[in-house]
Amino acid sequence: MNYHFTKVLDCPFDEAVARATKALADQGFGVLTTIDVAATMKAKIGAEMKPYVILGACNPQFAYRALQAENKIGTMLPCNVVVQDIGGGKSEVSAVNPLESMSAIKNAALEPIAGEVTSRLQTMISSL
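Model, not experiment: these values are computed from the prediction.

Novice: Requested: an account of the packing of helix 3 (residues 60-69) against helix 5 (residues 110-127), with residues and values cited.
Specialist: Close contact between helix 3 and helix 5 brings their axes to 10 Å; oriented N to C, the two are set at 155 degrees. Between helix 3 and helix 5, the angle falls in the class roughly antiparallel. In this structure, helix 3 crosses over helix 5, and the sense of that crossing is left-handed. Only Leu110, Ile113, Glu116, Val117 and Arg120 of helix 5 make contact with helix 3, whose side of the interface consists of Phe62, Arg65, Ala66 and Ala69. Taken together, the residues of the contact of helix 3 with helix 5 sort by class into 6 nonpolar, no polar and 3 charged.

Novice: Outline the environment of aspartate 85, supporting the account with residue identities and numerical values.
Specialist: Note that aspartate 85 resides in strand 4 (residues 79-87). Overall, aspartate 85 belongs to the partly exposed group, its relative accessible area being 23%. Counting along the chain gives 32 residues from aspartate 85 to valine 53, while the straight-line C-alpha distance between them is 9.3 Å. Within the local environment of aspartate 85, its side chain forms a polar contact with the backbone nitrogen of glycine 87, the two atoms lying 2.7 Å apart.

Novice: Any details on a nonpolar patch on the surface? Residues and values, ideally.
Specialist: A surface patch of nonpolar side chains, about 280 Å² in accessible area, is lined by Met41, Ile45 and Met49. With respect to the element layout, isoleucine 45 can be found in helix 2 (residues 37-45).

Novice: Please set out the nonpolar core residue by residue, giving values where relevant.
Specialist: Membership of the largest hydrophobic core comes to 30 residues, with the highest contact counts inside it found for Leu24, Val81, Val83, Val93, Leu121 and Met124. Breaking this core down by element, the ones donating at least two residues are strand 1 (4-9), helix 1 (13-26), strand 3 (52-58), helix 3, strand 4, strand 5 (90-96) and helix 5. Per element, the largest residue contribution to this core is 7 residues, and it comes from helix 5. If near-sequence neighbours (up to four positions away) are discounted, methionine 124 is found in contact with Ala20, Ala23, Leu24, Gln27, Val81 and Ala95.

Novice: Describe helix 2, naming the residues involved and giving the relevant values.
Specialist: The N-capping residue of helix 2, defined by a side-chain oxygen 3.3 Å from the backbone nitrogen of alanine 38, is aspartate 36. The positive-phi residue at the C-terminal boundary of helix 2 is glycine 46, with phi of around 75 degrees.

Novice: Please set out helix 1 residue by residue, giving values where relevant.
Specialist: Its 14 residues give helix 1 an end-to-end C-alpha distance of 20 Å, which sits within 8% of 20 Å, the value for a rise of 1.5 Å per residue. For helix 1, the complete set of buried residues consists of Phe13, Ala16, Val17, Ala20, Ala23 and Leu24. Buried positions in helix 1, seen along its axis, are confined to an arc of 135 degrees and lie on one side of it. Facing away from the buried side of helix 1, by more than 90 degrees, are the exposed residues Asp14, Lys22 and Asp26. Elements in contact with the buried residues of helix 1: strand 1, strand 2 (30-36), strand 3, strand 4, strand 5 and helix 5. Backbone geometry just after helix 1 places glycine 28 at a positive phi near 90 degrees.

About the criteria used
- By convention here, each chain's residues receive numbers from 1 onward along its written sequence.
- Local features in this predicted model are restricted to residues of pLDDT 70 or higher, and side-chain atom pairs are both shown and tallied only at a pLDDT of 80 or more, whereas totals for entire chains, interfaces and linings draw on every residue.
- In computing side-chain properties, one takes all heavy atoms of the structure into account and sets aside hydrogens as well as water.
- With axes taken as lines fitted to C-alpha atoms, and helix axes fitted only over the stretch in contact, angles between N-to-C directions fall between 0 and 180 degrees.
- Every helix listed is a DSSP run of H or I at least four residues long, and every strand listed is a run of E at least two residues long, numbered separately from the N terminus.
- Our angle categories are set so that under 35 degrees counts as roughly parallel, over 145 as roughly antiparallel, 65 to 115 as roughly perpendicular, and the remainder as oblique.
- Two helices cross in a left-handed way if the nearer one is turned anticlockwise from the farther one by less than a right angle. They cross in a right-handed way if the turn is clockwise.
- Whether two residues are in contact is decided by their heavy atoms, any of which lying within 4.5 Å being enough.
- Asp, Glu, Lys and Arg are counted as charged, while Ala, Val, Leu, Ile, Met, Phe, Trp, Tyr, Cys and Pro are counted as nonpolar; the rest, among them Gly, fall into the polar class.
- Exposure classes here rest on a 1.4 Å probe applied to the protein chains alone. A residue is buried below 20% of its type maximum, exposed above 50%, and partly exposed in between.
- In protein, a polar contact requires one atom able to donate a hydrogen and another able to accept it; more generally it is a pair of N or O atoms within 3.5 Å, and residues adjacent in sequence count only if both atoms are side-chain atoms.
- Patches in this entry comprise residues that are over 30% relatively accessible and not in a salt bridge; like charges within 9 Å are linked, as are nonpolar side chains (Val, Leu, Ile, Met, Phe, Trp, Tyr) within 5 Å.
- Each accessible area is a Shrake-Rupley estimate made with a 1.4 Å probe; only the visible protein chains count as cover when residues are assessed.
- Each reported salt bridge corresponds to a side-chain nitrogen of Lys or Arg within 4 Å of a carboxyl oxygen of Asp or Glu.
- Nonpolar cores were defined as sets of buried Ala, Val, Leu, Ile, Met, Phe, Trp, Tyr and Cys residues, with membership established by side-chain atoms within 4.5 Å.
- Given a helix with a known number of residues, its expected span is that number minus one, times 1.5 Å.
- The arc refers to the directions leading from the helix axis to the C-beta atoms.

Spelled out as structure tokens, the structure:
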């Protein structure tokens, strides 16, 4: 199994960010954080790179259930979704695969939660 779900979109970066944000909302996720990786790399180390953001997505119901089952699960929250400009007017959107990332945690109570979140993130990526 892969640690991410990815789809290439035939649209510019800003449109891909907007589409990903809407698709997340359609699946019950809000974006808690937006990390502009390209701007951070430029400011911190002078590195140039194509636009690249990390959207920290959260579905409060699932996050609460996961925190009740495993109080250290916050180290893996929120769910990260990456949007990057891949050139030629195309963008790529990738979402973490919670089933893969949570497989390291030996807590059976997390499995159904991770499965539901995985399904929603797969649906989100497919809908783009």
